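Structural features, examined
What follows is each chain in one-letter form.
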Amino acid sequence: MSSGPHAKLAELGLDLPEVVPPVASYVPAVQSGQHVYVSGQLPFAEGKLLATGKVGAGISAEQAKDLAQRCGLNALAVVDSLVGLENVVKVVKVTGFVASAPGFTGQPTVINGASDLFGTVFGEAGRHARSAVGVAELPLDAPVEVELIVEVA
């Protein structure tokens, strides 16, 4: 039985979605040398934003964590479409943005939704540096956005 990233996703009951088309003037990812830089991914599924609003006011931290996982899954789809998940050597850096209501300080827990996904899919190679930042607004009123940098073979 395979233990690669696609098998791990299947074990989680997750399928890689279609790559979400950019919502402005950029590309989903760029490879430079041995690194792939994935543009910020919003929690889209089947062409629709799964939620809008602020975390801590209408969006719970637990819901936002699930949305961050979806952002992470979308980022993996981008990597797979460009270089193949089997070529990922290391998840290097994750940057998560959380549209936060005043007083909400649980950004790290929210972005764990993406971080935990990467750790499960890639094992030790999924452990990464990270920033989890609270912001006033995100594109399309999304609650969460996740960027990803991976090293590839």
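Definitions and limits used
- Residues numbered from 1 in each chain as written.
- Predicted model: local features only at pLDDT ≥ 70, side-chain atom pairs only at ≥ 80, totals over all residues.
- Heavy atoms only, no water.
- Helix = DSSP H or I, 4+ residues; strand = E, 2+ residues; numbered from the N terminus.
- Expected span 1.5 Å × (residues − 1).
- Salt bridge = Lys/Arg side-chain N within 4 Å of Asp/Glu carboxyl O.
- Buried < 20%, exposed > 50% of the residue type's maximum accessible area, 1.4 Å probe, protein only.
- Pairing = 2+ DSSP bridges.
- Axes fitted to C-alpha atoms, helices over the stretch in contact; angles between N-to-C directions.
- Parallel < 35°, antiparallel > 145°, perpendicular 65-115°, else oblique.
- Left-handed = near helix turned anticlockwise from the far one by under 90°.
- Contact = heavy atoms within 4.5 Å.
- Nonpolar A, V, L, I, M, F, W, Y, C, P; charged D, E, K, R; others polar.

With 22 residues, helix H2 (residues 61-82) extends 32 Å between its outermost C-alpha atoms, agreeing within 8% with the 32 Å of an ideal straight helix rising 1.5 Å per residue. After H2 finishes, the residue Gly-84 shows a positive phi value of roughly 90°.

Inspection of every chain in the model, using the stated rule, returns four salt bridges. The salt bridge involving Arg-127 is made with Glu-124; its shortest N-O contact spans 3.4 Å. We note that Arg-127, like Glu-124, is exposed. When salt bridges that share partners are traced, they join Lys-54, Glu-137 and Asp-141 into one network.

So, on to unusual backbone geometry. Here Glu-46, not a glycine, exhibits a phi torsion of approximately 50°, which is positive. For Glu-46, the position within the fold is in the loop between strand S3 (44-45) and strand S4 (48-49). Look at Asp-141: it is not a glycine, yet its phi comes out positive at around 65°. Judged by its relative accessible area of 31%, Asp-141 falls in the partly exposed class.

With that out of the way, let us pick up the sheet that holds strand S7 (residues 88-99). On the basis of which strands lie adjacent, the open sheet formed by five strands has the order S1-S2-S9-S7-S8 and mixed pairing. If you trace the sheet from one side to the other, it starts and ends with strand S1 (29-32) and strand S8 (129-135), each paired once. Geometrically, the sheet is characterised by an average inter-axis angle of 15° between neighbouring strands, direction not taken into account. Judged from the four bridges that link them, S1 and strand S2 (residues 35-41) form a sheet pairing that is antiparallel.

Helices that pack against each other are described as a pair by the angle of their axes relative to one another and the distance between those axes. At a minimum axis separation of 6 Å, H2 and helix H3 (residues 107-122) run at an interaxial angle of 45°. Between H2 and H3, the angle falls in the class oblique. H3 is crossed by H2, and the crossing has right-handed handedness. On H3, the residues that touch Ala-61, Ala-64, Lys-65, Ala-68, Gln-69, Gly-72, Leu-73 and Leu-76 of H2 are Thr-109, Val-110, Ile-111, Asn-112, Gly-113, Ala-114, Asp-116, Leu-117, Phe-118, Val-121 and Phe-122. For the contact of H2 with H3, the per-class residue count stands at 12 nonpolar, five polar and two charged.

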